[in-house]
Amino acid sequence: MDVRVLVVGFGHVGRAFARLTALKGSLVERRFGVRVKIVGVVDSRGAALKPEGFSGAELLKVSEVPRSSVCFSEPYGVCGLSLKSLYDSVQPDVHVEVTPSNYVSGEPGLSNVMFALSRGANVVLANKAPLALKFDDIMGSARARGLKVKFRATVMGGSPLIDTVLSLRSHEVKKVYGIFNATTNYILTLMHESLIGLDEALKTAQAMGVAEADPSLDIDGWDAAAKLVILARLLGLKLNISGIARESLSKVTLRDVVEALKRNSVIKHVAGFDALSGEAWVKPETLSSDSVLSKVNGLLNAAVIETDVCDYILIGKGGGPVETAHSLLDDIVSITGGLI
Ligand code: HSE
């Protein structure tokens, strides 16, 4: 079965997805009978379109063009077309939304996703903002049209957290908390291990492509808060991003880190919600060095899910570009094919 995919957003994640499809497309086809054809990639100035689907070599090439320049790539580039015109040209089955997250308006992702659904395309997101702001509207629109919206890449994108939460159908989830932002965890790890300041550590995190385009979204807890909203919505809880108490990591100094280390503790930027009280938070916490979360370092994320049956802990990669790209591809396969 062929699946025509339009990739909207062509930064670190969009490019990693294009490369992954080039390199692992045949594996997916062999295992699941799904041939993922990327028919277009779109950035802020235009697109590269190939209605019959790019070859692997073409995808590798287009993923190397400079930022915001795919429309200049020969011979498939087109500048300045509306999303409607792009849809008319390539008729995608699946819309991959990987534009940057914007927690004020949700745009451009929110309009893109609603448009995709109106045109009968299934949607796969790594951009968290549309879901964090308008989860019910998006799901309602998809349901009304018999379409699928998948977003495994949005929370702990490198690990199957969304799948795990969805699988707990008869459990009563009482509390979810953990480390849901790789950038701040990486910064804190460098601050503890190398005793460098937050600004210097942030530059290294940015170089690894894991920080948001606007890194204050990581530092000020917006990214983790959006992830809490998505997890809560999966559990049927009406948590809104505005209702989450956020404390920025920027208030944590090297002196605080040294003081914590002297007390055999570490500082982590922890996010969570209590499903019973509705309380939700993102804040720096000082944790004893024998606690589970204190040992989760670098780009790793961790989730603790407390339920009436037992508690679960998932530790794994958050959303680096390569891991996020795998989740996007997994979601496409789960929409369109799969053995079970
Ligand atoms: N900026 C995010 C993070 C990317 O650092 O976790 C993955 O969601």
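Refer to the structure above for everything that follows.
None of the values given here were measured: they were computed from a predicted structure.

Analysis parameters
- Residues numbered from 1 in each chain as written.
- Predicted model: local features only at pLDDT ≥ 70, side-chain atom pairs only at ≥ 80, totals over all residues.
- Heavy atoms only, no water.
- Core = buried A, V, L, I, M, F, W, Y, C linked by side-chain atoms within 4.5 Å.
- Buried < 20%, exposed > 50% of the residue type's maximum accessible area, 1.4 Å probe, protein only.
- Helix = DSSP H or I, 4+ residues; strand = E, 2+ residues; numbered from the N terminus.
- Domains from an automatic or database assignment.
- Disulfide = S-S within 2.5 Å.
- Polar contact = N/O pair within 3.5 Å; in protein donor to acceptor, adjacent residues only side chain to side chain.
- Contact = heavy atoms within 4.5 Å.

### Re the nonpolar core
For step 1, the next point in the chain: Counting 57 residues, the largest nonpolar core has Val149, Phe151, Leu161, Phe180 and Phe273 as its most contacted members.
For step 2, the next point in the chain: Ranked by residue count, the leading element in this core is helix α10 (residues 222–234), at 9 residues.
For step 3, the next point in the chain: Each of domain 1 (2–153 + 321–335) and domain 2 (161–317) contributes no fewer than three residues to this core.
For step 4, the next point in the chain: Listed in part, the 32 residues of the second largest apolar core include Val13, Val34, Ile332 and Ile335.

### A look at the state of the cysteines
For step 1, the next point in the chain: Using the criterion set out here, one finds 1 disulfide in the structure.
For step 2, the next point in the chain: Here Cys71 is linked by a disulfide to Cys79, with a sulfur-sulfur distance of 2.1 Å. The S-S bond linking Cys71 to Cys79 shows a torsion near 80 degrees; that makes this disulfide right-handed.
For step 3, the next point in the chain: Overall, Cys71 belongs to the buried group, its relative accessible area being 6%.

### Observations concerning the side chain of Asn181
For step 1, the next point in the chain: Here Asn181 lies in the loop between β8 (173–179) and α7 (182–194).
For step 2, the next point in the chain: Note on Asn181: relative accessible area 5%, which makes it buried.
For step 3, the next point in the chain: A distance of 2.7 Å separates a polar atom in the side chain of Asn181 from the backbone nitrogen of Thr184.
For step 4, the next point in the chain: Here the side chain of Asn181 touches Asp218 through a polar contact of 2.7 Å, side chain to side chain.
For step 5, the next point in the chain: Every residue in contact with Asn181, bar those within four places of it in the chain, is listed here: Asp218, Asp223, Lys227 and Asn301.

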